[in-house]
Amino acid sequence: MEIDWEQLWIDARKDSVLTKYRKDVGVEIWDRGADYYIDAIKKNGYEYGQQRIEAIKGIIKPDFEVLDIGAGPGTLAIPLAKLVKKVTALDPSKGMIKVLEESAVAEGIGNIETVNETWQEVDDAEIGERFDLVITSDVLWQFEDVGKQLMRIHDASRKYCCVILHAGLTDDLVSELWSKIMDKEYDFGIDYIYIYNILYSKGIYANVGVTDSGYTFENSVNDAIGFYEYLFDLYTEITPRIKEIIRNYVLENAVNGVYRRDTKLKSAVMWWKKGI
Ligand SMILES: C[S@@+](CC[C@H](N)C(=O)[O-])C[C@H]1O[C@@H](n2cnc3c(N)ncnc32)[C@H](O)[C@@H]1O
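Just so it is clear, the model here is predicted, and its values are computed rather than measured.

Student: Quick one: what's the story with the packing of helix α1 (residues 5-15) against helix α9 (residues 192-201), residue by residue and with numbers?
Tutor: As a packed pair, α1 and α9 sit with axes 9 Å apart at the nearest point and diverge in direction by 155 degrees. Comparing the axis directions of α1 and α9 gives the class roughly antiparallel. At the point where α1 passes α9, the crossing takes the left-handed sense. For the pair α1 and α9, the contacting residues are Trp5, Glu6, Leu8, Trp9 and Ala12 in the first and Tyr194, Asn197, Ile198 and Ser201 in the second. Across the contact of α1 with α9, the residue classes break down as six nonpolar, two polar and one charged.

Below, the structure written as structure tokens:
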């Protein structure tokens, strides 16, 4: 019996904490979060993106033109730009594009072109098979019609594609606080295995490498409280009770005014070459 992985993905997304409780505030959430993201990435010396690039280093060539879909603050785009001819960084969030452009200048990088659009807005006929590598990291969970978008990614590349998504359970910045605030289990539900099987059902047999992608979040108590209030505001109203829970949690886990959390995450890096 053939399993309809695209339908399973649609069903599983309905129960995922990533989508089920999220207020529908569109791209604005990424604008508001951009400063937190770039701060965490810089403090980790771009290691989060580097670990992922390491998994595909063997296929990357200096003359490559790369499209990074949902590039965010430049997690991958910045380290990738140092290895290739050009990176086109696409993201619908103006806030993300702004911090990406500022970071590129700070790193002395001049070969990143930014495009402020959603992936869905991109005209397929216009890009054709322009890119040597099309990459997307931690973005696909946002797409209900992920099968269609995967094939558009495939079509936009003339050589390689690489899609990255978390693998298995996540112990991230939110997981401990989630049950205290939301009174519900923290369950991503969806992960890379759906994507791998959707690709398989379309005749694409991806290579898969699972990498550790945990990172350290370290901030002053006040900044950490601000970050958690921003994050939970995506899901629920920040009442005085919730403010108190966040504040107590951060204070309980802070040492000398500094809050630190080591996340434990795994990501699957799936890549394939066209025509094989
Ligand atoms: C979790 S961040 C990932 C950023 C970066 N790729 C990384 O790995 O750190 C998700 C990104 O997807 C972007 N995004 C949201 N909707 C999108 C869409 N329809 N097309 C492309 N990117 C989108 C957001 O603006 C945000 O920057």
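Student: An account of the sheet that holds strand β10 (residues 266-273) is requested, with residue identities and associated values reported.
Tutor: In spatial order, the strands read β3-β2-β1-β4-β5-β10-β6; together these seven strands make up an open sheet with mixed pairing. For this open sheet the edge positions go to β3 (112-115) and β6 (207-212), each flanked by a neighbour on one side alone. Neighbouring strand axes in the sheet, compared pairwise and without regard to direction, differ in orientation by 20 degrees on average. Direction of pairing for strand β4 (residues 131-137) relative to strand β5 (residues 157-166): parallel, over a ladder of six bridges.

Student: Tell me about the pairing of β3, and name the residues and values.
Tutor: Because side chains alternate across β3, one face comprises the buried residues Ile112 and Thr114, and the other comprises Glu113 and Val115, none of which is buried. As paired elements, strand β2 (residues 86-90) and β3 share four bridges and run parallel to each other. Following the sheet pairing, leucine 90 is matched in β3 by valine 115. Remark: the β2/helix α5 (residues 94-106)/β3 crossover connection has right-handed handedness.

About the cut-offs
- Residues numbered from 1 in each chain as written.
- Predicted model: local features only at pLDDT ≥ 70, side-chain atom pairs only at ≥ 80, totals over all residues.
- Axes fitted to C-alpha atoms, helices over the stretch in contact; angles between N-to-C directions.
- Helix = DSSP H or I, 4+ residues; strand = E, 2+ residues; numbered from the N terminus.
- Parallel < 35°, antiparallel > 145°, perpendicular 65-115°, else oblique.
- Left-handed = near helix turned anticlockwise from the far one by under 90°.
- Contact = placed C-beta atoms within 7 Å.
- Nonpolar A, V, L, I, M, F, W, Y, C, P; charged D, E, K, R; others polar.
- Pairing = 2+ DSSP bridges.
- Buried ≥ 20, exposed ≤ 12 C-beta atoms within 10 Å, placed from the backbone.
- Right-handed = clockwise from strand over helix to strand, strands pointing away.

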